Amino acid sequence: MVFRKDHPETMFISVVGESGNGKWSLASVLAGKLTKEFYNVIQFFAPPYMSTEELLLQIHGGVEHYCEDHKTACNQVVEASDIAGKIHYLLEKTKMQYLLILGGISSKTMLNCVRASLPDCNTRSSVLLVLDTENEEVAWHANTMNKGSIDKIHLVSRLDEQTSRKLFCSRVMRKNEVSADGNEAMSKYAKVVYAITGGHPLSIVLLAGLLRFKEKPLQWEVVLQQIMPGPGMEEAKDGEVSKTNPARAADLCSCRVDDLGERRDRKRESTAIGRVFWASFEDLPNDLKSCFLYFAVIPKSTLIEANEIVRMWIDEGFIGPQKGRTLEELGHHYLKELALRCLVRIGSTNTLGSIKKVGVHRGLHGFLQSEAGLIEVHDIHDAFVPPSARRLCFQTNGGRYTTFTNKFPKLRSFICMGNKEEDQITDSTGAEKDFYNLKFLLGSKFLRLLVVQGPRINELPKEIGNMLQMRQLSVYSRDLTKLPSGIKRLLNLQTLDIRNTRVEEIDAGFWKIKTLRHVLADDLTLPGTLQVEVAELQTLVGVKPAQEVEWEKHNCPLHKMTKLRTLKVHGIQNKKHGVELESALAKMHLLCRLKLKGDKLPSSVFTEDSLRHLQKITLDGTVVWPQGTLNIRKVRPNLVKVKLSHEVPDRIKRELPESV
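With parallel pairing, five strands are arranged side by side in an open sheet as β2-β3-β4-β1-β5. A single partner strand is all that each edge strand has here, and the edge strands are β2 (40–45) and β5 (153–155). The sheet shows a mean angle of 15° between the axes of neighbouring strands, direction not considered. One ladder, built from three bridges, connects strand β1 (residues 11–17) with β5; its direction is parallel. Bridged to S14 within β5 is I153. Packing against the sheet, helix α1 (residues 23–33) makes contact with β1, β2, β3 (98–103) and β4 (126–132), and its axis sits at approximately 160° to β4.

So, in structure tokens, the structure goes:
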């Protein structure tokens, strides 16, 4: 479909279908199979309201990444001032063959800008557009960009009954094949599933996720009976009225269901996806419902770090303590259950097999936002917010945002979600964008969670220290260089996330906050000394020792952080910090992920008996290896990944995991 020897010019191909029909899944599978044919495969799904500049920035990042990976000529100075010119220059200079997969292109204007950034190098490259039915005109416009106006539009329809059965069985049983004993029973259920969903892939997957948590056959039959379309609710399929007789399909489930009471709001249940979604949602335990609805804060078609959404749940108070588990462990358990129920999609996993990034299918996003009781979600086109709002999410794109003039005395959470790269974008005139002012939040004395990602911020209000209920403070802006000293008064703070900022110093009183659980930064200086134990701290990322201080037993701050699960420290000088670093690490019995950067690093990270929970080790520096064998596999039974920047002796390499 995408590889043609007789068409060396860049070809535009469009995959068009209704939302939830598996278009993006198809494109991803295709990309994997064609990786050998193409030099690069770049994928990106543009969220609604994304500007052309942002889209081009994402494409440029993908192109630049592959250039660096393959050490091509892209290290030369790019002779272009605009982002489109940079893309054109890199692709033209490297002559690379690429497959560019783009979703969410909603206008011909945006497509024209993408086309203008791609050179005509006769490299047999292709651009694959993944489009919803309402954007079909973009697909027809893309056809005109092909030599000879070659028709490369592929319509993705719903599944037939046989394919629907295969998809349902693979998801509900988590295997592709069904035994002969279960074949007849599954065929009966598969017919009912087809009658309910009309072959809509997303509806089938959701229904399979719901039935995974039900006993067969009784509970299965009750659930299927409940969501069977009633009279006058037959759903159109591919533009035609469904001819399936719901009564006949219901007879396939020989269950007797007592009076189920009145149905839910028929507006919610008028479509297959609506009926299945709300049945799945209502089946969630109460604590999971709040967690799931919180995904409404994420812009459509985007992913969020699993750790990030779990920290939000904890800081909002959605997750309560449970014996034998930390709040973070319980949060990740909730996330896995939502994934098993197919209510969220896993974007990527880490080397440990844990969920790394997660999101909600764009076909479900509207249902989340319609449940407005939990959180108010607004964007640049819908900026009116009632003063009584308790949780407010404002979604920005392309650096466009609204500064609120009214106050929100009842506000508990303010989340401004955009691209972390927005501070790199200028407007069409090349002028820098204004800084975002957060002073409208000063009247929100009950604010628990403040997350600002996207708008440019160069300072936080000094009065932020008066928000004594604050649990999480997360700001992403390269323009932010310092934090107000009043931050030490946030005695309930659990999470401070200042990654992607240039903050290097923080008031020493901050480290006395007893509730701290997660501190994430890029280049934050540790205190010269620390007198009190930071007993709840689990994550410490992007920190460095104070260079003028030589660590001794009485002043090494890491001695007061013994419950860390994740530690990433750079700027280590062996003469000043080596001995006490090694001593402090020996006390961290729960440490799972460790990253160190310095001139010389201790090999005890592989030998110390107390570090048996270590799963991932990254060392950037010279490691002082001892003589003889280390028995790494014995003393590090959980170690799955090791990354070392310097050469490793063969005798050591043989003992390390294969992922080194």
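Okay, back to it.
At their nearest, the axes of helix α13 (residues 306–316) and helix α14 (residues 327–340) sit 9 Å apart, and the two run at 115° to each other. By the angle between their directions, the pair α13 and α14 is classed as roughly perpendicular. Here α13 runs over α14; the crossing is right-handed. Along the contact surface, α13 presents A306, N307, I309, V310, W313 and I314, while α14 presents L327, E328, G331, H332, Y334, L335 and L338. When grouped by side-chain class, the residues that make up the contact of α13 with α14 number nine nonpolar, three polar and one charged.

Our next topic: the pattern of salt bridges. Scanning the model with the defined rule gives 21 salt bridges in all. Between R456 and D479 there is a salt bridge, and its shortest N-O distance comes to 2.8 Å. Taken together, the residues R456 in the loop between β14 (449–453) and β15 (472–476) and D479 in the loop between β15 and β16 (495–497) connect sequence positions 23 residues apart. One exposure class covers both R456 and D479, and it is buried.

Next up on the list: the confidence of the model for the protein. Considering every residue of the protein, the mean pLDDT works out to 83; 83% of them sit at 70 or more. Ignoring residues within four places in sequence, the model shows residues 236–268, a span with pLDDT below 50, making 48 contacts including any to other chains.

Here two bridges tie strand β8 (residues 304–305) to strand β10 (residues 355–359), and the two strands are oriented antiparallel to one another. Bridge pairing in β10 links E305 to K357. In terms of strand pairing, strand β9 (residues 345–349) meets β10 through four bridges, oriented antiparallel. Its bridge partner lying in β10, S348 is registered against K357. What sits between the antiparallel neighbours β9 and β10 is a turn of five residues, in which G353 has the positive phi angle 85°.

In spatial order, the strands read β8-β10-β9; together these three strands make up an open sheet with antiparallel pairing. Where the open sheet ends on each side, the last strands, each with one partner, are β8 and β9.

So, about the environment of L224. You can see L224 is positioned in helix α9 (residues 218–227). A residue is classified by how much of its surface remains accessible, and L224, at 0% relative accessible area, is buried. Residues L224 and I196 lie 28 residues apart in sequence; the distance between their C-alpha atoms is 8.1 Å.

Glancing now at the pairing of β15. Most of β15 sits inside the fold, with five of its five residues counted as buried. Residues of β15 alternate between two faces, with Q472, S474 and Y476 on one and L473 and V475 on the opposite face, all of them buried. Across five bridges, the pairing between β14 and β15 is parallel. Among the inter-strand pairings, V452 is bridged to a residue of β15, identified as V475.

This part is about the environment of K616. Inspection of the secondary structure assignment puts K616 in strand β21 (residues 616–624). Residue class for K616 comes out partly exposed when judged on its relative accessible area of 30%. K616 has contacts with T351, C592, R593, L594, L639 and K641, leaving out every residue within four places of it along the chain.

Residues of helix α5 (residues 136–143) that are buried include every one of V138, A139, A142 and N143, and no others. Projected down its long axis, α5 carries its buried residues within an arc of 150°, all on one side. Close packing links the buried residues of α5 with β1, α4 (108–116), β4 and β5.

A few words now on the nonpolar core. Formed by 79 residues in total, the largest nonpolar core has its most connected members in F414, L540, L558 and F606. With 70 residues, the next largest nonpolar core counts L159, L167, V205 and L343 among its residues.

Where helix α11 (residues 272–282) contacts helix α12 (residues 286–293), the two axes come as close as 9 Å, and the packing angle between them is 130°. Regarding the angle of α11 to α12, the classification is oblique. Where α11 abuts α12, its residues F277, F281 and E282 lie against K289, F292 and L293. Class assignment for the residues of the contact of α11 with α12 results in four nonpolar, no polar and two charged.

To continue, consider the side chain of N555. Checked against the element boundaries, N555 lands in the loop between β18 (539–544) and β19 (566–572). Among the residues examined, N555 registers a relative accessible area of 8% and is labelled buried. Polar side-chain contacts of N555 include one of 3.2 Å to the backbone oxygen of E550. Side-chain polar atoms of N555 contact the backbone nitrogen of E552, separated by 2.5 Å. The contacts of N555, once residues within four sequence positions are left out, are G528, T529, L530, V549 and E550.

Residues K356, K357, K568, R593, K595, K597, K616 and K643 make up a contiguous surface patch of positive charge. Of all the secondary structure elements, the ones that give two or more residues to the positive patch are β10 and β20 (593–602). Counting residues per element, the positive patch draws most heavily on β20, at three residues. Locating K597 in the fold gives a position in strand β20.

Rules of the game
Residues numbered from 1 in each chain as written. Predicted model: local features only at pLDDT ≥ 70, side-chain atom pairs only at ≥ 80, totals over all residues. Heavy atoms only, no water. Pairing = 2+ DSSP bridges. Helix = DSSP H or I, 4+ residues; strand = E, 2+ residues; numbered from the N terminus. Axes fitted to C-alpha atoms, helices over the stretch in contact; angles between N-to-C directions. Contact = heavy atoms within 4.5 Å. Parallel < 35°, antiparallel > 145°, perpendicular 65-115°, else oblique. Left-handed = near helix turned anticlockwise from the far one by under 90°. Nonpolar A, V, L, I, M, F, W, Y, C, P; charged D, E, K, R; others polar. Salt bridge = Lys/Arg side-chain N within 4 Å of Asp/Glu carboxyl O. Buried < 20%, exposed > 50% of the residue type's maximum accessible area, 1.4 Å probe, protein only. pLDDT = per-residue confidence, 0-100. Arc of directions from axis to C-beta. Core = buried A, V, L, I, M, F, W, Y, C linked by side-chain atoms within 4.5 Å. Polar contact = N/O pair within 3.5 Å; in protein donor to acceptor, adjacent residues only side chain to side chain. Patch = residues over 30% accessible without salt bridge, like charges linked within 9 Å, V, L, I, M, F, W, Y side chains within 5 Å. Areas by Shrake-Rupley, 256 points an atom, 1.4 Å probe, with all protein chains shown as cover. Lys, Arg positive; Asp, Glu negative; His and termini not counted. Charge placed at Lys NZ, Arg CZ, Asp CG, Glu CD.

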